[in-house]
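# Inside the fold
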Amino acid sequence: MTNPYVEAYRLSIADPEFFWGEAAEDCFWYRKWDRVLDNSNLPFSRWFRGAEVNSCYNALDLHVDTGRGDKIALIYDSPVTNTIRKYTYLKLRDQAALFAGVLAAQGVTKGDRVILYMPMIPEAVIAMLGCARIGAIHSVVFGGFAPNELATRINDAQPKVIVSASCGIEVNRVIPYKPMLDQAIALSKYPPERCIIMQRPMAEAELIPGRDLDWAREMANAKPQPCVPVLATDPLYILYTSGTTGQPKGVVRDNGGHMVALKWSMKAIYDIGPDDVWWAASDVGWVVGHSYIVYGPLFMGCTTILYEGKPVGTPDAGAFWRVISQHKVSAMFTAPTAYRAIKREDPKGELVKKYDLSSFRTLFLAGERSDPDTIQWSERHLQVPVIDHWWQTETGWAIAANCVGLQRFPVKYGSPTKAVPGWNLQVIGDDGNLARPGQIGSLVVELPLPPGSLMTLWNNDQRFIDAYMYEFPGYYKTADAGFIDEEGYVYVMARTDDIINVAGHRLSTGAMEEVLAGHPDVAECAVLGVADDLKGQVPVGFLVLNAGVTRDPQEIVREVVQRVREQIGPVAAFKKATVVKRLPKTRSGKILRSTIQKIADSQDYKVPATIDDPAILPEIEVALVSMGYARARN
Ligand code: COA
Ligand code: AMP
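Residues numbered from 1 in each chain as written. Chains lettered and ligands numbered in written order. Predicted model: local features only at pLDDT ≥ 70, side-chain atom pairs only at ≥ 80, totals over all residues. Heavy atoms only, no water.

With that settled, consider the overall build of the protein chain. Check the secondary structure of the protein chain and you find 18 helices and 32 strands. Expressed along its principal axes, the backbone C-alpha trace of the protein chain runs to roughly 75 × 65 × 55 Å. In the protein chain, which comprises 634 residues, the proportion classed as buried is 63%. Of the contacts made within the protein chain by residues no fewer than 6 positions apart, 70% connect residues no fewer than 24 positions apart. When the accessible area of the protein chain is evaluated, it comes to approximately 24300 Å², of which 50% is carbon and sulfur surface. (Helix = DSSP H or I, 4+ residues; strand = E, 2+ residues; numbered from the N terminus. Buried < 20%, exposed > 50% of the residue type's maximum accessible area, 1.4 Å probe, protein only. Contact = heavy atoms within 4.5 Å. Areas by Shrake-Rupley, 256 points an atom, 1.4 Å probe, with all protein chains shown as cover.)

What follows is the structure in C-alpha cells.
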C-alpha cells in the first residue's frame, strides 16, 4: 500500500508545479495563473504568476457564497474580560467589508501599508482581513514590543494608517497601548496620516483631534467595500521578525502562494476540515497568529478560536482544558512553554480530569524545541498524539512535521518528524558538502521554496539574499543547525546566529547588546540565551564598565534591565545581568559565547586553546552561579 505522505512528498519535490497546481484548485481565483512557478529570477521564485485573487474573499466571502454563512468562523474567548463572542462567516465578512470601507475613506488603496498594533481582540482579525479585502498590506506589531520597536517598524513600512486599541490586558493588568503608540509616532520619521483606535472600556484613550479616529464611530458610518482582485504575487502582509541587529527583518508574504499552501496545510498537516473547531493559542502579532489563528483556518472554512488569556492565571492552569471542552476543540496549536507553565502549576494533571475533552484529537507544538518531558506529560494527561513541528516566521508554515492528515509516523522524542511535502530539506556539513544521515550541519532547503514562504524582505532584496541565500548557493539557509537520521527524521538542535527563543518569542541577543552598549557606563557587553525551565531560554547580560566608573554595579544593572524593557519591550524578559571585569575572548578578540553558554547551562566545557586569558572563566562562573545559573564547582 502506498503511504500518502511518501507519495505527496515525492511528487511535491519531483513536480512542484503539478503538485501545487492541483492544490490551488481548492481556492477561488478571479483569473488563473499563466505559470504555477516562475523561477526565471532565482532566488526570487514566484508562485501563480499572472493569477488574480483576493485573500479576504477566500477567507470569508467564499464560504458565505457557498451557503455556509451561518457557520461560526471565529470564537473570541477572553477570560481576562469575561467575554465569549461568536462571529459567523457572514458577520465576519460584513465587519471586514465595513472596516475596508473605513480604510478606503482614509484614502487607503492597494499596496498601501497599514500597521496594526493590537491586543487579541476580534478587531485585530477584522482589520487584517479589511486590509486584505482592498489589497492594502498589513503589518501587525506584537503588543509586547516597546514604542521604540514600533517606531522602527513604522519607519520601514511607512504606513498610511495605524490601527490600534486603547489597551491590552495581561492577566489582570491593563496595559494602555495608546501612550506607547503616541510615543512611537513621536519617535518615527514617517508619522501616519491617521490612527484608528478601538476604545476598550477598561482604559479609554484620549484621541488626538485631526489624527485619531474612533473605531466604533468610523465603522458606524462606513460604506462596505467589495473585494479587490490583486495579483497572486502582490504582497498580503509584512511581518517583522528579529534579525541579527536592532533592525528587524520585514518578511513579505504574497497572496496566492500563501493561500494555497495554508489551505493545503490545514488538512495535510493538521487534519482539520470545515467542520472542525481549531485553536491556535498564540498571538496575532506572531506568524503563528497570522497563519493559524487567522488565514489558515478561515481559508479552510472551519471555526477558529481567538483566545485573550494565558495558559495559567486566567484563572488557573485548567484554562486550556476549559476552552477545549467548552468549544469542542478538535485540535490545538501552541508553544511548548505554555504546557511547561501548566505542568509546573498542575504537575499531576488534576485539572485535566475536571473537563470533558472527548472532542480533542491532537496537540501541535512549535516555536521552540519541544522537550521530551513536556511531550510525554501532555501525552499522558491528554491521551492524544502530541506533534512537535518546526518552522519559522520566514517559512510561514511547517518545514518539518508529522503530517497527521497524510500519514502519522511513530514519534521520536526530540524530533519534529519529517520534512513536509514542498520542503526539500537537506543538511550541509562543515566541509560544505551534503551531510550523511546523522551528521550535524546547517539545515537548508533546496530552492525553490514552496508557496507561502517569504518572497523577500520589505524594501530590501539585498538583505534577503545576504541573510538567506548567499552562504549556500541554491539553498535557503534556515539558520538552524541539526541533522536528519537514516529514516528521514529531522532533529533541530540550535540556531547558528544570535536569535534566542524566550517563551516561544523570537528575540535577538544582538539587538539587546545594542541597547546595553548604549548605556554611558558600559564599555563592552554580551547577551546570551541561557536554558530556563519555563521559558526555554532567557537572556542574561554581561557588562564590562568603562574605566573609572565607581557607581554601584547593581544600580547599573537595574538601569540596563529597564533600558531593554523600554527600548525592546517586556516581551524580551531581560531581567538578569551582571558586571564582570572582562569578557572571555579568543586571542583574536572574539567573545567566547559558546563557552559562557556551556558554563551557564551547567555543561562540561573545555577551556578553549585560543582563549587569551583563562583566568577570567572562574569569575564568569561565579557571576552565573550568583544569578542562579551554572553549577557551583568545588
Ligand atoms: N502586550 C503587552 N505586554 C505583553 C504582551 C502583550 N501582548 N505579551 C506579553 N507581555 C509582557 C508580559 O506581561 C510580561 O511582562 P512582565 O515582565 O511585566 O511580567 C512580559 O511581556 C513577558 O511575557 P510572557 O512571555 O508572556 O511571559 P509571562 O511570564 O507573562 O508568561 C507564559 C509565561 C509561558 C505563560 C507565556 O509566555 C505564554 O503563554 N506563552 C505562550 C507562548 C506563545 O504564545 N508563543 C507564541 C508562538 S506559538
Ligand atoms: P519564529 O520565527 O519565531 O517562528 O522562530 C523560528 C525559530 O524557532 C526556528 O528557527 C527555530 O530555531 C525555533 N523553532 C521553531 N519551532 C521549533 C521546533 N519545533 N523545534 C526546534 N526549534 C524550533
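Strand order across the open sheet formed by four strands is E23-E24-E26-E27, with antiparallel pairing between neighbours. The sheet is open, and its two borders are formed by strand E23 (425-428) and strand E27 (490-495), each paired with just one other strand. Within the sheet, the average angular offset between the axes of one strand and its neighbour, ignoring direction, is 50 degrees. Across four bridges, the pairing between E23 and strand E24 (residues 441-446) is antiparallel. (Pairing = 2+ DSSP bridges. Axes fitted to C-alpha atoms, helices over the stretch in contact; angles between N-to-C directions.)

This part is about the site of ligand 2. Of all residues adjacent to ligand 2, which total 14 residues, the nearest are His 389, Thr 393, Asp 480, Arg 495 and Arg 506. For ligand 2, a nitrogen atom lies 3.5 Å from a polar atom in the backbone of Glu 368. Its free accessible area being 490 Å², ligand 2 has 93% of it covered by the protein chains. Of the residues in the shell around ligand 2, the class split is three nonpolar, five polar and six charged. (Near = heavy atom within 4 Å. Polar contact = N/O pair within 3.5 Å; in protein donor to acceptor, adjacent residues only side chain to side chain. Nonpolar A, V, L, I, M, F, W, Y, C, P; charged D, E, K, R; others polar.)

On to the packing of helix H4 (residues 89-105) against helix H5 (residues 122-133). Between H4 and H5, the least distance of the axes is 8 Å, while the angle of their chain directions is 65 degrees. Relative to H5, H4 is oriented roughly perpendicular. Between H4 and H5 lies a crossing of right-handed hand. Within the contact between the two elements, H4 uses Leu 92, Arg 93, Gln 95, Ala 96, Ala 97, Phe 99, Ala 100 and Leu 103 and H5 uses Ile 126, Ala 127, Leu 129, Gly 130, Cys 131 and Arg 133. (Parallel < 35°, antiparallel > 145°, perpendicular 65-115°, else oblique. Left-handed = near helix turned anticlockwise from the far one by under 90°.)

Moving on, we get to the site of ligand 1. Near ligand 1 you find 22 residues, and of these Glu 170, Arg 173, Lys 310, Pro 311 and Arg 565 are the closest. Note that an oxygen atom of ligand 1 is positioned 2.8 Å from one of the side-chain N or O atoms of Arg 173. Between an oxygen atom of ligand 1 and a side-chain N or O atom of His 505, the distance comes to 3.1 Å. Grouping the amino acids of the shell around ligand 1 by side-chain chemistry returns ten nonpolar, six polar and six charged.

Here the focus is the nonpolar core. When a protein is soluble and globular, its nonpolar side chains tend to lie buried together. One finds Trp 29, Phe 48, Leu 129 and Trp 278 to be the most contacted residues of the largest nonpolar core, which totals 126 residues. A total of nine residues in this core trace back to one element, the largest contributor, which is helix H10 (residues 287-300). Ignoring anything within four residues of it in the chain, the contact list for Phe 48 reads Trp 20, Ala 24, Trp 29, Trp 33, Arg 35, Val 36, Ala 232, Gly 256, Gly 257, Val 260 and Pro 451. Of all hydrophobic cores here, the second largest spans 70 residues; its members include Ala 151, Cys 525, Ile 556 and Ala 623. (Core = buried A, V, L, I, M, F, W, Y, C linked by side-chain atoms within 4.5 Å.)

Topologically, Thr 362 is positioned in strand E19 (residues 362-365). Excluding residues within four positions of it along the chain, Thr 362 makes contact with Ser 330, Ala 331, Met 332, Val 384, Pro 385 and Ile 387.

Under the definition given, this model contains 33 salt bridges. With a shortest N-O distance of 3.0 Å, Glu 308 and Arg 200 are connected by a salt bridge. Of this pair, Glu 308 sits in the loop between strand E17 (303-307) and helix H11 (319-327) while Arg 200 sits in the loop between strand E11 (194-198) and strand E12 (212-214), and the two are 108 residues apart along the sequence. Overall, Glu 308 belongs to the buried group, its relative accessible area being 4%. A residue is classified by how much of its surface remains accessible, and Arg 200, at 4% relative accessible area, is buried. (Salt bridge = Lys/Arg side-chain N within 4 Å of Asp/Glu carboxyl O.)

What follows covers empty space enclosed by the protein. Under the counting rule described, the total for this entry stands at four cavities of 30 Å³ or more. Of the voids in this model, the largest cavity is the one considered here, and its volume is about 130 Å³. Forming the walls of the largest cavity are 16 residues, and the residues nearest its centre are Ser 45, Arg 46, Ser 453, Leu 454 and Met 455. Of all the secondary-structure elements, those providing two or more residues to the lining of the largest cavity are strand E2 (46-49) and helix H14 (461-469). (1 Å grid on protein atoms, 1.4 Å probe; cavity = no way out; pocket = protein on both sides within 12 Å on 5 of 7 lines; lining within 4 Å. Points joined across faces, edges and corners; volume = space filled by probe spheres on them.)

A word on the packing of helix H9 (residues 256-268) against H10. For the pair H9 and H10, the least separation of the axes is 8 Å and the interaxial angle reads 85 degrees. Taken together, the axes of H9 and H10 lie roughly perpendicular to each other. Note on element contacts: H10 touches H9 through Ser 291, Tyr 292, Tyr 295, Gly 296, Pro 297, Phe 299 and Met 300, opposite His 258, Met 259, Leu 262, Lys 263, Ser 265, Met 266 and Lys 267.

Here we take up the environment of Asp 498. Examined against the element boundaries, Asp 498 turns out to sit in the loop between E27 and strand E28 (499-502). Since its relative accessible area comes to 23%, Asp 498 is described here as partly exposed. Beyond its immediate sequence surroundings of up to four residues, Asp 498 is in contact with Gly 243, Thr 244, Leu 507, Ser 508, Thr 509 and Gly 510. From its side chain, Asp 498 meets the backbone nitrogen of Gly 510 in a polar contact 3.2 Å long.

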